[in-house]
Amino acid sequence: MSLMTILLFIPACFALNMAPGPNNLLSMANAKRYGVRTACYAGVGRLIAFVGMITLTATGLATVLYTSEKLFFIIKIVGGLYLLWIAFQLWTADPSDGGNEALGGRSLFQLGRQEFLLAAGNPKAILIFTAFLPQFVDPTGSVGFQFLVLGVLFLMLEWVAIAGYAFFGKALRHWFSRPSMRRVFNRICSGLLGSAGIGLLLARRE
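Read on for an overview of the structure. Worth saying up front: this structure is predicted, and the values here are computed from it rather than measured.

1. Let's talk about the nonpolar core
Core analysis: the largest hydrophobic core is formed by 28 residues, its most contacted members being F9, F50, F129, L133 and F154. Elements represented by at least two residues in this core include exactly α1 (3-18), α3 (36-42), α4 (44-59), α8 (123-131) and α9 (143-175). Broken down by element, this core gets its largest block of residues, nine residues, from α9. Setting aside its immediate chain neighbours within four residues, F50 contacts A119, A125, F129, F154, L155 and E158. Residues L25, L90, L172 and C189 belong to the second largest nonpolar core, which totals eight residues.

Given below as structure tokens:
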């Protein structure tokens, strides 16, 4: 793998990492409610899901999964419904409990599991790893080692995205100090996540 390939990969990958998708919106909402550190720790669940996807891609199983109509349909339905469930939870969240960083009965494991399930249930993520990463792999070289390098870079940039959205969510908490404004923020995030869930359910595989 050449240095030029890596230099092309990093900005393209970072643009994907920073796109305002469901997981990044969740990190922002978690940071606003529980704090930056908790949101970043919860993001480990997302990284674990992506490690599994990168491994599948490196072994060629992701292509099989993506070309299987039934499996892809199941993932799409489960992922879309889970997005709608998270949107419902945000919509009905109590806006008066956003003044401290206590988890309010939710463990860090539960927040991390939510990140994991949201990432694993998104078939678009499978498509990214199936169609995006292989473009930067030289088939004449060590494919496994190249996937390892690209995978590590992707995860590092994803961690930057998690922290970036978490800090943004933390900043928003000061802007939305009143319960009525926190309700507005929660419902904006809920609407975006719900729209993503509906879009996922209605989307056709190309």
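2. Description of the packing of α4 against helix α7 (residues 108-120)
Put simply, α4 and α7 touch, their axes get as near as 6 Å, and they point 35 degrees apart. α7 is crossed by α4, and the crossing has right-handed handedness. On the side of α4, the interface is formed by G45, R46, I48, A49, F50 and M53, while α7 contributes G112, E115, F116, A119 and A120. In terms of residue class, the contact of α4 with α7 is built from seven nonpolar, two polar and two charged.

3. A word on the packing of aromatic side chains
Counted by the stated rule, this structure contains three aromatic pairs. Between the aromatic rings of F50 and F154, the centroid separation amounts to 5.7 Å while the plane-to-plane angle is 75 degrees, which identifies the pairing as edge-to-face. Of this pair, F50 sits in helix α4 while F154 sits in helix α9, and the two are 104 residues apart along the sequence. Using a relative accessible area of 8% as the deciding quantity, one classes F50 as buried. Centroid distance W85 to F88: 5.8 Å. Interplanar angle 25 degrees. Geometry classified as stacked. You can see W85 and its partner F88 sitting in helix α6 (residues 69-91), three residues apart, about one turn around the helix. Look at W85 and you get partly exposed, because its relative accessible area is 46%.

4. Brief notes about α7
Here α7 contains 13 residues, and its C-alpha end-to-end distance of 18 Å stays within 8% of the 18 Å for a straight helix at 1.5 Å per residue. When α7 is considered as a whole, its buried residues turn out to be L111, G112, Q114, E115, L118 and A119. Angularly, the buried residues of α7 cover 150 degrees about the axis, an arc narrow enough to put them on a single face.

5. Points about helix α2 (residues 22-34)
Helix length check: α2 (13 residues) gives 18 Å between terminal C-alpha atoms against 18 Å at 1.5 Å per residue, within 8%. Across the 13 residues that make up α2, a large majority, 12, are buried. Of all the residues in α2, the buried ones are P22, N23, N24, L25, L26, S27, M28, A29, N30, A31, K32 and Y34. One or two steps after α2, the chain reaches G35, where phi turns positive at roughly 110 degrees.

Definitions and limits used
- Residues numbered from 1 in each chain as written.
- Predicted model: local features only at pLDDT ≥ 70, side-chain atom pairs only at ≥ 80, totals over all residues.
- Heavy atoms only, no water.
- Core = buried A, V, L, I, M, F, W, Y, C linked by side-chain atoms within 4.5 Å.
- Buried < 20%, exposed > 50% of the residue type's maximum accessible area, 1.4 Å probe, protein only.
- Helix = DSSP H or I, 4+ residues; strand = E, 2+ residues; numbered from the N terminus.
- Contact = heavy atoms within 4.5 Å.
- Axes fitted to C-alpha atoms, helices over the stretch in contact; angles between N-to-C directions.
- Left-handed = near helix turned anticlockwise from the far one by under 90°.
- Nonpolar A, V, L, I, M, F, W, Y, C, P; charged D, E, K, R; others polar.
- Phe/Tyr/Trp six-rings, centres within 6.5 Å; stacked < 30°, edge-to-face > 60°.
- Expected span 1.5 Å × (residues − 1).
- Arc of directions from axis to C-beta.

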